[in-house]
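# An overview of the molecular structure
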Amino acid sequence: MANATLFSTFRDIQITQYTQLSAECIIIFDHLTTFGQEVNLIWMGSWSIGKVLFLSIRYYVLAAVMFNSYGNSFFRWQGWTSLGVTMMAEGILQIRIYALYLLNKQILAVILTLFLLSSATCAVIMGMVLEALEAKALPIPGGKFCMPVSVSAYFCAFWIPIICFEALLCALALFRGMQISKSIGIGGPATFLRGGRQLVDILFRDSLIYFIA
């Protein structure tokens, strides 16, 4: 029985490591293949909130990937990293929604309020989970492996506010996309939208891809 449990633990560790390695390879590959576009389109452009958020999340995630590769014992740092990266990604999504709704202040007020509530709730949950978290070095053949123990059963609740808030952003993007398509299709008074149709399509497409992924 003990051997079966030990084997199951090793298998779970191996799957986790392979999954993490796959994600790291995708992130690094993306950085390498899009760096030229980043220099031309981002670095050469003027500074804005969107540019700061983009660079922050892009290079913070890269640093997190490199750090995680050599520091799997820093579970608390990883926990807060998850929250920080999620908040930055949602910041970019909110800018896109704000642009899709033609800088509508009421939409901005609603999504910002819900964003703060969602982030605060997630921070409280993460703080409670990490407060009770303990990490131990378990002996394995060839050395030791550090893994968390005493993980709260409520840890999954951390993702509930995030999923709910991002589902709202997805609904807003879908609604606005259909609204714009209908307006342009019937030749309505959407001169600005017709002129910037390509930009609108990109904002809508990228937002939708993020939600689906």
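Every value quoted in this text rests on a predicted model; they were computed, and no experiment measured them.

### Some details on the packing of helix H3 (residues 75–100) against helix H4 (residues 105–132)
Where H3 meets H4, the axes come as close as 11 Å, and the angle between the chain directions of the two elements is 175°. The angle between H3 and H4 places the two elements in the roughly antiparallel class. Across the contact of H3 with H4, the residue classes tally to 15 nonpolar, four polar and four charged.

### Focus on the UniProt feature "transmembrane region" (unreviewed entry) in the chain
According to UniProt, the feature "transmembrane region" (unreviewed entry) maps to residues 52–71, 77–95, 107–130 and 150–175 in the numbering used here. Secondary structure content for residues 77–95 is 100% helix and 0% strand, while the C-alpha to C-alpha distance between its ends is 27 Å. What you have in residues 107–130 is 100% helix and 0% strand, and the ends, taken at the C-alpha atoms, are 34 Å apart.

### Quick notes on H3
The first and last C-alpha atoms of H3 sit 38 Å apart over 26 residues, in line with the 38 Å expected at 1.5 Å per residue. A positive phi of about 55° marks leucine 102, the residue just after H3.

### Quick look at the packing of aromatic side chains
Taken as a whole and judged by the stated rule, the model has three aromatic pairs. A ring pair is formed by phenylalanine 115 and phenylalanine 165, whose centres lie 6.0 Å apart and whose planes are at 45°; its orientation type is tilted. Of this pair, phenylalanine 115 sits in helix H4 while phenylalanine 165 sits in helix H5 (residues 159–185), placing them 50 residues apart in sequence. For phenylalanine 115, a relative accessible area of 11% puts it in the buried group. For phenylalanine 165, a relative accessible area of 3% puts it in the buried group. Judged by centre distance (6.3 Å) and plane angle (5°), the rings of phenylalanine 155 and phenylalanine 158 are stacked. When its relative accessible area of 32% is taken as the criterion, phenylalanine 155 is described as partly exposed. Through a chain of ring-to-ring contacts, the aromatic side chains of Phe155, Phe158 and Trp159 assemble into a single cluster. Just above the ring of tryptophan 47 sits the side chain of lysine 51; from NZ or CZ to the centre is 4.1 Å. The ring of tyrosine 101 has arginine 176 sitting right over it, with the charged end atom 5.3 Å from the ring centre.

What counts, and at which threshold
Residues numbered from 1 in each chain as written. Predicted model: local features only at pLDDT ≥ 70, side-chain atom pairs only at ≥ 80, totals over all residues. Heavy atoms only, no water. Axes fitted to C-alpha atoms, helices over the stretch in contact; angles between N-to-C directions. Helix = DSSP H or I, 4+ residues; strand = E, 2+ residues; numbered from the N terminus. Parallel < 35°, antiparallel > 145°, perpendicular 65-115°, else oblique. Nonpolar A, V, L, I, M, F, W, Y, C, P; charged D, E, K, R; others polar. UniProt positions renumbered as here; feature names shortened; annotations may be inferred. Expected span 1.5 Å × (residues − 1). Phe/Tyr/Trp six-rings, centres within 6.5 Å; stacked < 30°, edge-to-face > 60°. Buried < 20%, exposed > 50% of the residue type's maximum accessible area, 1.4 Å probe, protein only. Lys NZ or Arg CZ within 6 Å of the ring centre and 35° of its normal.

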